[in-house]
Amino acid sequence: MAKQHVYFVRYGLTKYPLVENEGPYDSPLHPIDGYEQGIAIARRLAAMPHPPDVVYSSSLHRAVSTSQLIVHALGKTENSILIEDGLIEWLTPSLTVEPDGTRLEWRSMQQLIDMTFTEIDRDYTSVNPIATDPTNVPEGAPYFFESEEYLMTRAKCSMNRILQHANGKNICIVSHTPCAQAMALHLEGAPSSEESKIGPWPLGGVTLFSRDAGSDRWKLDMYADTSHMPGAYKNGLKEWSLPCLTKQK
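This is a predicted model, so every value here is computed, not measured.

J.: Quick question: what am I supposed to make of helix H2 (residues 61-73) here?
T.: The periodicity of an α-helix, 3.6 residues per turn, causes residues three or four positions apart to be oriented the same way. An ideal rise of 1.5 Å per residue puts 18 Å on 13 residues; H2 measures up with 19 Å between its terminal C-alpha atoms. Within the span of H2, buried status applies to His 61, Arg 62, Ala 63, Val 64, Ser 65, Thr 66, Ser 67, Gln 68, Leu 69, Ile 70 and Val 71. Each element contacted by the buried residues of H2 is listed here: strand E1 (3-10), helix H1 (33-46), strand E2 (54-57), strand E3 (81-83), helix H4 (109-114) and strand E4 (171-175).

J.: Sorry if this is basic, but what is going on with the side chain of Gln 181 here?
T.: In this fold, Gln 181 is placed in helix H6 (residues 177-188). In contact with Gln 181, other than residues within four places in its own chain, are Ile 198, Gly 199, Pro 200, Trp 201, Tyr 223, Trp 240, Ser 241, Leu 242 and Leu 245.

J.: What am I meant to see in the packing of aromatic side chains here?
T.: The geometry of an aromatic ring pair is captured by two quantities: the separation of the ring centres and the angle between the planes. Evaluated as defined, the whole model comprises six aromatic pairs. A ring pair is formed by Phe 8 and Phe 209, whose centres lie 6.1 Å apart and whose planes are at 90°; its orientation type is edge-to-face. Taken together, the positions of Phe 8 in strand E1 and Phe 209 in strand E5 (residues 206-212) put the pair 201 residues apart, joining distant regions of the chain. Just as Phe 8 is buried, Phe 209 falls in that class too. Between the aromatic rings of Phe 144 and Phe 145, the centroid separation amounts to 5.3 Å while the plane-to-plane angle is 75°, which identifies the pairing as edge-to-face. A relative accessible area of 17% means that Phe 144 is categorised as buried. Looking at Phe 145, the relative accessible area reads 32%, which means it is partly exposed. It is Arg 103 that lies over the ring of Phe 144; its NZ or CZ is 4.7 Å from the centre.

J.: Looking at this structure, how should I read the environment of Ile 173?
T.: Note on placement: Ile 173 falls in strand E4. On the accessibility criterion, Ile 173 (1% relative accessible area) is buried. For the pair Ile 173 and Gln 4, spaced 169 residues apart in sequence, the C-alpha separation works out to 14 Å. Residues within four places of Ile 173 in sequence aside, it is in contact with Val 6, Tyr 7, Phe 8, Val 9, Tyr 56, Leu 87, Met 159, Ile 162 and Met 183.

J.: Even after reading the chapter, I still don't get the sheet that holds E1, so can you show me in this structure?
T.: Strand pairing in a sheet takes place through backbone hydrogen bonds and is either antiparallel or parallel in direction. Strands sit in the order E3-E2-E4-E1-E5-E6 across an open sheet of six strands; the sheet is mixed. Looking at the sheet topology across the chains shown, the edges are occupied by E3 and strand E6 (219-225). Within the sheet, the average angular offset between the axes of one strand and its neighbour, ignoring direction, is 20°. Sheet topology places E1 next to E5; seven bridges connect them, and they run antiparallel.

The rules behind these values
Residues numbered from 1 in each chain as written. Predicted model: local features only at pLDDT ≥ 70, side-chain atom pairs only at ≥ 80, totals over all residues. Heavy atoms only, no water. Helix = DSSP H or I, 4+ residues; strand = E, 2+ residues; numbered from the N terminus. Expected span 1.5 Å × (residues − 1). Buried < 20%, exposed > 50% of the residue type's maximum accessible area, 1.4 Å probe, protein only. Contact = heavy atoms within 4.5 Å. Phe/Tyr/Trp six-rings, centres within 6.5 Å; stacked < 30°, edge-to-face > 60°. Lys NZ or Arg CZ within 6 Å of the ring centre and 35° of its normal. Pairing = 2+ DSSP bridges. Axes fitted to C-alpha atoms, helices over the stretch in contact; angles between N-to-C directions.

On their own, these measurements won't tell you what the molecule is for.
Here is the structure:
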C-alpha cells in the first residue's frame, strides 16, 4: 500500500548562537560546521527509501540555507523551495525580541532570492500567512505574540494546510524546534504531552512520520535522529523543547 512520508528537519549550527531574550534571531548557518552538518542532513534525506518530493521552509536564514542544501541533494533546483509563513519561529518575546525592543524581521521572498536562494518557487503562496494586524488575526495565523497554546493551534492549521497542498506527496519541513515539535505533536495525536513520545530535539535532528494512503492516522517512524551528523553532534547536542514537554520530564 502506498504511503505518505513527512520529514521534519532542524538545521545545524548557526554562526551566532541564539540566546533567548537576547538574540540574534536570524543568524545564518555557521560557514563551516553549519554547512557541513546541513550537507549531512541533506544526504541523509536523499538516501531515504522514500525521500521528500517537496520542501517547505521557514523564511529565516538558517532554515532556507538548509533547505537549499536539501533540494540540491535531491537533484532539484528550480522552484523547489516553498517559503511558508506558517513555519516561522515561535513568535514569543523570548525568541523574537532583542533587549532594545527590536522585533524579529523576516525577509521577503524577493529578498531571499536576491541573496542567491534562487531555488525558491516564486509562484508559491503561503497557505498560512503571517497576520500583520493584531486586531484581525485569522484563526491559526502566525502573529506577534503567540502563547504556547496558540502555537499549537498555529501548528495544526499550518500542518493541515501543507498536507492539503502537498496532495499526497512526500514532504520535508525545515522549521524551528517550537513549531516542528508542535506539528509533530499534532500528527502523533497523543492524548496528552505526558503520553507523547515527542521530547528534546537536538541540532540536525530528523523526524519522520508516515501514513497509509487515505488514512488519517500517522505513525512516528523516527524522532530527532542525529546518526547522520558529523563528529560529536552525532550524539545529539544543543537540545531544545517546548515548555509543555520540558515539564513532563
